[in-house]
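Breakdown of the fold
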Amino acid sequence: MLVAGSIAGCDREKQAGEQAPAGPGAAKGNAASHFVHQLDRSHKGEAAPGAAFRGPDDADVTLAAFRGRPLLVNLWATWCAPCVAEMPTLDALAAQSAGRMAVVAVAQDLQGAAVVDPWFQQAGLKALQPYLDPKNALLDAYGNAGLPTSIYYGADGREIWRLMGAINWQGEEAKALLAEAK
């Protein structure tokens, strides 16, 4: 059983003023303190949910569109400090793995593109594209997981593991976990 309180992460978006926004530069300081996570293998073999979200072209998309190669789905939000802290390392992973693995960062911000698009521009991310889920359909499909949550799928669309909390996607632990896909 997982204890959510032991993981450094964020819960659902709060109303204005309840949780401070985290801009692209907010994670400067001690970013390592944000890289706290817990691995969950209890969903191994489960098919990806069919929940729809919005792609960078503003069209509906589901995770099924990414079958055929490994897929890393990252649920995050602009107001979540651990999410923001791991984004540069996730962007670097997306650039390094282009063509052999899909890396999809799906923003859970309720305001959608109005806050995510400016955040992406300011952050200067090079490889990640802004996917949006303002209705939190994926978050709900994953049992209201905290943020960030990353779910790794094999090319067959079956879950390998999920990680609650932030990780340095350029670190040795992440590299070992990502090597598990077939």
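The preceding data block contains the structure.
A brief look at the structure comes next. Here the structure is a predicted model, which is why all the values come from computation and not from measurement.

A short note on the side chain of N74
Assignment of secondary structure puts N74 in strand β4 (residues 71–76). You can call N74 buried: its relative accessible area is 0%. For N74, the residues in contact, after removing those within four places along its chain, are E86, M87, L90, V104, A105, V106, P148, T149 and S150.

Remarks on the packing of aromatic side chains
Per the counting criterion, the structure on display carries six aromatic pairs. Centre to centre, the rings of F53 and Y131 are 6.0 Å apart; their planes meet at 65 degrees, and the pair counts as edge-to-face. With a gap of 78 residues between them, F53 in strand β2 (residues 53–54) and Y131 in strand β6 (residues 131–132) connect regions that are remote in the sequence. For the pair shown, F53 and Y131 are each scored as buried. Centroid distance W119 to F120: 5.9 Å. Interplanar angle 70 degrees. Geometry classified as edge-to-face. Pairwise contacts between aromatic rings join F53, F66 and Y131 into one cluster.

Looking at the pattern of salt bridges
Summed over all chains, the structure comprises five salt bridges. One salt bridge connects R54 with D60, and the closest N-O pair in it is separated by 2.6 Å. Judged by its relative accessible area of 28%, R54 is partly exposed. Judged by its relative accessible area of 56%, D60 is exposed. Linking E159 and R162 is a salt bridge whose minimum nitrogen-to-oxygen distance equals 2.8 Å. Just as E159 is buried, R162 falls in that class too.

Cut-off values and rules
Residues numbered from 1 in each chain as written. Predicted model: local features only at pLDDT ≥ 70, side-chain atom pairs only at ≥ 80, totals over all residues. Heavy atoms only, no water. Helix = DSSP H or I, 4+ residues; strand = E, 2+ residues; numbered from the N terminus. Buried < 20%, exposed > 50% of the residue type's maximum accessible area, 1.4 Å probe, protein only. Contact = heavy atoms within 4.5 Å. Phe/Tyr/Trp six-rings, centres within 6.5 Å; stacked < 30°, edge-to-face > 60°. Salt bridge = Lys/Arg side-chain N within 4 Å of Asp/Glu carboxyl O.

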